[in-house]
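Below are the chains, spelled out letter by letter.
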Amino acid sequence: MNFISLQFLIFFIIVFCVYYIVPGKYRYAVIFLGSYVFYGAFSIKYLIILAVTTALTYIGGILIEKKKTRGVYAIFLILNLSVLIGYKYTNFAISNINKLVGTHISALNILLPVGLSFYIFQSTTYLSDIYRKGMEAEKNIIRYAAFVAFFPTILSGPIQKSRNLLPQLKEPRSFDADRAIAGFILFSWGLFEKTFVSNRLLVIIDRVYNDYRSYPGPYLLIAAICFSLYIYADFSSYSDMARGISKMLNIEIDRNFNNPYISTSTGEFWNRWHSSLNEWFIEIVYIPLGGNRKGVLRKYLNVMIVFFISGLWHGAAWNFIAWGVINGIFVVIGQMLKKPKSAFYKKIKVDETCASVRFIRQVIVFMLITVTWVFFRNGIHESLYIIKHMLVFAPSRLLNPDLLNLSGDTAKTFITMLGLGIFTAVQLARKDESGKYALFKKQPVFLQTVLIAIVLCLGIYASFSGSTEQNTQFLYFNF
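Going along each chain's sequence as written, the residues are numbered from 1 onward. In view of the model being predicted, local features appear only for residues whose pLDDT reaches at least 70, and side-chain atom pairs are presented and counted only at 80 or more, with totals across whole chains, interfaces and linings using the full set of residues. As a rule here, side-chain values cover all heavy atoms of the structure and leave hydrogens and water aside.

Peer 1: Help me out: how do you make sense of unusual backbone geometry in this one?
Peer 2: Negative phi values dominate among residues other than glycine, just as trans dominates among peptide bonds. Cis geometry is found at the peptide bond from Gly157 to Pro158, where omega equals 0 degrees. Helix and strand definitions here come from DSSP, where helices need a minimum of 4 consecutive H or I residues and strands a minimum of 2 consecutive E residues; each element is numbered from the N-terminal end. By the secondary structure assignment, Pro158 is in the loop between helix 6 (141-148) and helix 7 (162-170). Backbone geometry at His274 places phi at a positive 45 degrees, although glycine is not the residue there. As for its position among the elements, His274 is in the loop between helix 10 (266-272) and helix 11 (275-286). By relative accessible area, His274 is classed as buried at 3%. For Lys349, which is not a glycine, the phi torsion comes out positive at approximately 60 degrees. Relative to the elements of secondary structure, Lys349 occurs in the loop between helix 13 (318-347) and helix 14 (355-377). By relative accessible area, which is 77% here, Lys349 ends up exposed. Three exposure classes are used, based on accessible area relative to the maximum for each residue type with a 1.4 Å probe and protein chains only: buried under 20%, partly exposed in between, and exposed over 50%.

Peer 1: Could you clarify how one ought to interpret a positive patch on the surface in this entry?
Peer 2: A cluster of basic residues, Arg70, Arg132, Lys133, Arg293, Lys294 and Arg298, forms a positive patch on the protein surface. Topologically, Arg298 is positioned in helix 12 (residues 296-314). Its relative accessible area of 31% is what places Arg298 among the partly exposed residues. Patch building starts from residues that exceed 30% relative accessible area and form no salt bridge, then joins like charges within 9 Å and nonpolar side chains (Val, Leu, Ile, Met, Phe, Trp, Tyr) within 5 Å. Reported accessibility uses the Shrake-Rupley method at a 1.4 Å probe radius. Residues are deemed covered only where the shown protein chains occlude them. Any Lys or Arg side-chain nitrogen located within 4 Å of an Asp or Glu carboxyl oxygen qualifies as a salt bridge. Residues counted as positive are Lys and Arg, residues counted as negative are Asp and Glu, and His and the chain ends are not counted. Taken as the charge location is NZ of Lys, CZ of Arg, CG of Asp or CD of Glu.

Peer 1: It is not clear to me how helix 5 (residues 116-133) should be interpreted in this structure. Could you clarify?
Peer 2: The α-helix winds at 3.6 residues per turn, so residues separated by three or four positions along the chain end up facing the same way. Under the convention used throughout, the expected extent of a helix is 1.5 Å for every residue step, that is, one less than its residue count. For helix 5, spanning 18 residues, the distance from its first C-alpha to its last is 25 Å, which sits close to the expected 26 Å at 1.5 Å a residue. Helix 5 sits mainly inside the fold: 15 of its 18 residues count as buried. Directly after helix 5, the chain includes Gly134, whose backbone phi takes a positive value near 75 degrees.

Peer 1: Which parts of the structure should I look at to understand the packing of helix 3 (residues 44-67) against helix 6?
Peer 2: Packing of helix 3 against helix 6 leaves a shortest axis separation of 10 Å and a crossing angle of 120 degrees. The angle between the axes of helix 3 and helix 6 places the two elements in the oblique class. Pair helix 3 / helix 6 crosses with right-handed handedness. Contacts between helix 3 and helix 6 involve Leu50, Thr54, Thr57 and Tyr58 from the first element and Ile141, Tyr144, Ala145 and Val148 from the second. In this count, Pro and Cys sit with the nonpolar residues alongside Ala, Val, Leu, Ile, Met, Phe, Trp and Tyr, while Asp, Glu, Lys and Arg are called charged and the others, Gly among them, polar. Across the contact of helix 3 with helix 6, the residue classes break down as 6 nonpolar, 2 polar and no charged. Every angle, taken between N-to-C directions, lies between 0 and 180 degrees, and every axis is a line fitted to C-alpha atoms, over only the stretch in contact when it is a helix. Working definition: roughly parallel below 35 degrees, roughly antiparallel above 145 degrees, roughly perpendicular at 65 to 115 degrees, and oblique for all remaining angles. Note: crossing handedness is left-handed where the near helix turns anticlockwise from the far helix by less than a right angle, and right-handed where it turns clockwise. For this analysis, residues touch if any pair of their heavy atoms sits within 4.5 Å.

Peer 1: Please clarify how the packing of aromatic side chains should be interpreted in this entry.
Peer 2: Where two aromatic rings form a pair, the distance of their centres and the angle of their planes describe that pair. Geometry of aromatic contacts follows a simple scheme: Phe, Tyr and Trp rings, the Trp one being its six-membered ring, pair when their centres are within 6.5 Å, and the pair is stacked under 30 degrees between planes, edge-to-face over 60, tilted otherwise. Applying the stated criterion to the full structure yields 58 aromatic pairs. With centroids separated by 6.2 Å and ring planes inclined at 50 degrees, the aromatic side chains of Phe150 and Phe151 adopt a geometry described as tilted. Like Phe151, Phe150 is buried. Here the aromatic rings of Trp270 and Phe307 are separated by 6.0 Å at their centres, their planes lie at 75 degrees, and the arrangement is edge-to-face. With Trp270 in helix 10 and Phe307 in helix 12, this residue pair connects regions lying 37 residues apart in the sequence. Residue classification places Phe307 among the buried positions, given a relative accessible area of 14%. The cationic tip of Lys88 hangs over the ring face of Trp313; the distance from NZ or CZ to the ring centre is 4.9 Å. By the criterion adopted, a ring carries a charge over it if an Arg CZ or a Lys NZ lies within 6 Å of its centre and within 35 degrees of its normal. The ring of Tyr385 has Arg213 sitting right over it, with the charged end atom 4.3 Å from the ring centre.

Peer 1: What exactly am I supposed to notice about the environment of Glu283 here?
Peer 2: Topologically, Glu283 is positioned in helix 11. Linking Glu283 and Asp129, residues 154 residues apart in sequence, is a C-alpha distance of 9.7 Å. Among all residues touching Glu283, those that are not within four sequence positions of it are Ser128, Arg132, Lys161, Arg163 and Pro288. Any N or O atom pair separated by 3.5 Å or less is treated as a polar contact, with the protein-specific requirement of one donor-capable and one acceptor-capable atom, and with residues adjacent in sequence counted only for side-chain atom pairs. A polar contact of 2.9 Å, which involves the side chain of Glu283, links it to the side chain of Arg163.

Peer 1: Any chance you could explain a nonpolar patch on the surface here in plain terms?
Peer 2: A cluster of nonpolar residues, Leu6, Leu9, Ile10, Ile13, Ile14 and Val18, forms a patch on the protein surface that exposes about 550 Å² of accessible area. Examined against the element boundaries, Val18 turns out to sit in helix 1 (residues 6-21).

Peer 1: Explanation requested: the pattern of salt bridges in the structure shown.
Peer 2: Any two side chains of opposite charge can pair, so long as their charged atoms come close to each other. Tallying each qualifying case throughout the model produces 14 salt bridges. Arg377 is the partner of Asp206 in a salt bridge, and the nearest nitrogen-oxygen pair spans 3.2 Å. Here Asp206, found in helix 8 (residues 177-209), pairs with Arg377, found in helix 14; they are 171 residues apart in sequence, far enough to count as distant. For Lys247, the salt bridge identified is with Glu252, shortest N-O distance 3.0 Å. If you follow the salt bridges from partner to partner, you end up with Asp176, Arg179, Lys247 and Glu252 in one network.

Peer 1: Honestly, the side chain of Arg430 in this entry has me stumped. Any pointers?
Peer 2: Position of Arg430 among the secondary structure elements: in the loop between helix 16 (410-429) and helix 17 (433-441). The exposure class assigned to Arg430 is buried, which follows from its relative accessible area of 8%. A polar contact is formed between the side chain of Arg430 and the side chain of Asp240, at a distance of 2.7 Å.

Peer 1: Would you explain the environment of Val374 in this entry?
Peer 2: Tracing the backbone through its elements, the reader meets Val374 in helix 14. Taking the C-alpha atoms as reference points, Val374 and Leu384, separated by 10 residues in sequence, lie 8.6 Å from one another. Once you skip the residues sitting within four places of it in the chain, Val374 turns out to touch Tyr209, Ala224, Ser383, Ile386, Ile387 and Met390.

Peer 1: Please explain the packing of helix 8 against helix 9 (residues 217-248) as it appears in this structure.
Peer 2: When two helices pack together, their arrangement is captured by the angle between the axes and the distance separating the axes. At a minimum axis separation of 7 Å, helix 8 and helix 9 run at an interaxial angle of 160 degrees. Overall, the two elements helix 8 and helix 9 adopt an arrangement that is roughly antiparallel. Relative to helix 9, the crossing made by helix 8 is left-handed. Its residues assigned to classes, the contact of helix 8 with helix 9 shows 26 nonpolar, 6 polar and 7 charged.

Peer 1: What is the right way to look at helix 13 in this model?
Peer 2: In this model helix 13 runs 43 Å from its N-terminal to its C-terminal C-alpha over 30 residues, within 8% of the 44 Å that 1.5 Å per residue would give. At Lys338, helix 13 shows its strongest bend, of approximately 45 degrees, with the proline Pro340 following within four residues. Bend is the name given here to the angle between axes fitted to two runs of seven residues, the run ending at a residue and the run starting at it.

Peer 1: What is the right way to read the environment of Ile225 from this model?
Peer 2: Here Ile225 shows up in helix 9. When its relative accessible area of 26% is taken as the criterion, Ile225 is described as partly exposed. Sequence separation of Ile225 and Thr264 is 39 residues, and the distance between their C-alpha atoms is 18 Å. When sequence neighbours within four positions are dropped, the list of residues in contact with Ile225 reads Phe366 and Thr370.

Treat this as a map of the structure, not an account of what it does.
Next up, the structure:
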């Protein structure tokens, strides 16, 4: 079952109606049942794994509250994460042992359950909140299971903190028409992002990267930029749809993205990108390692460890590790150059916060991040080839008219560019999301309805204009 499917539409209508019909004190049970039906639709085996990890961390939370010792916390944290490690990295370890030692150990028939990383990380935030924040353990196992399996976020996040979501399940809010409308708008926008932006960019990416040696530098550069924008649009679309679904149930979850591509440093970029995962790494990895409390060199080492683990989390392959390490190096270099750079600007009497300087820095950050995304999509050798050729060519080759047929023909390329322009304009306007929604609500109801209908119809039309797999699968389902 996927957000972009008739099955999900029917499922959500039923959950929505039942959720508001039953008394408030029992609504967590509706979320629990709905979440287990939603996740169980993928595989009963996946559902068993979810139930086991839920039971494990439920017991762990109670014991951590009673004992309040680092040892008990560490045991359950490691046990929980070992489920993820076992499923995700066993075959990767076997493959590398075979290459290193020369053995011939057969790979195991292990299939990574969809959403495993996200609900494992979500349940570890619960253990951390009890141990570090002094939160009380949840004694109602059904309510706790509803938190772990919360169906809008279980597949690709945003990763929810128990201290934020559990209280909303314990004391649910009554139906709010204004919030429900806002949620529907957010869901519709997410549908547009996915079908009209993300999927159309993917056409260009697959065309070039699947036969990258046949394309000259300009094509490789455009494909890299498209992938940089694609991964943002694709992941942002899922996060917005998840937030929209939650908002229709009057449950608030945090934004996962805050216009990352307007960042003026790589460090700022990662604070704005996939915020829930970034916060998880800070709380569970960076701070326990010592954070920035043990000197500058130790801080840089901790940053590199976090990015190494982040790369490995995204995929059990060396290209993901390379992606993480390169980003870590960029962040560390940025931190090292921060003071000298400010001193340089001061010396030449240039205001580093002025619009032109900020724009130049934003372009540099965008291109640095775009280069690293090449490793995210391709193997290491392929990535090195693509980066070499996409950065070294005569600029005049960008004027080749054949580039206008990258999407298949000129008309399709124009539609792709139009969708990307709308996406960019709306994302930039969302810096003040609540303010923009308040402005929207002041418009005539007829105009509001027309605008929502246009966005929704474009999303629905685009979802049926290509292959089903391309239209429904989100990239981060793989992680």
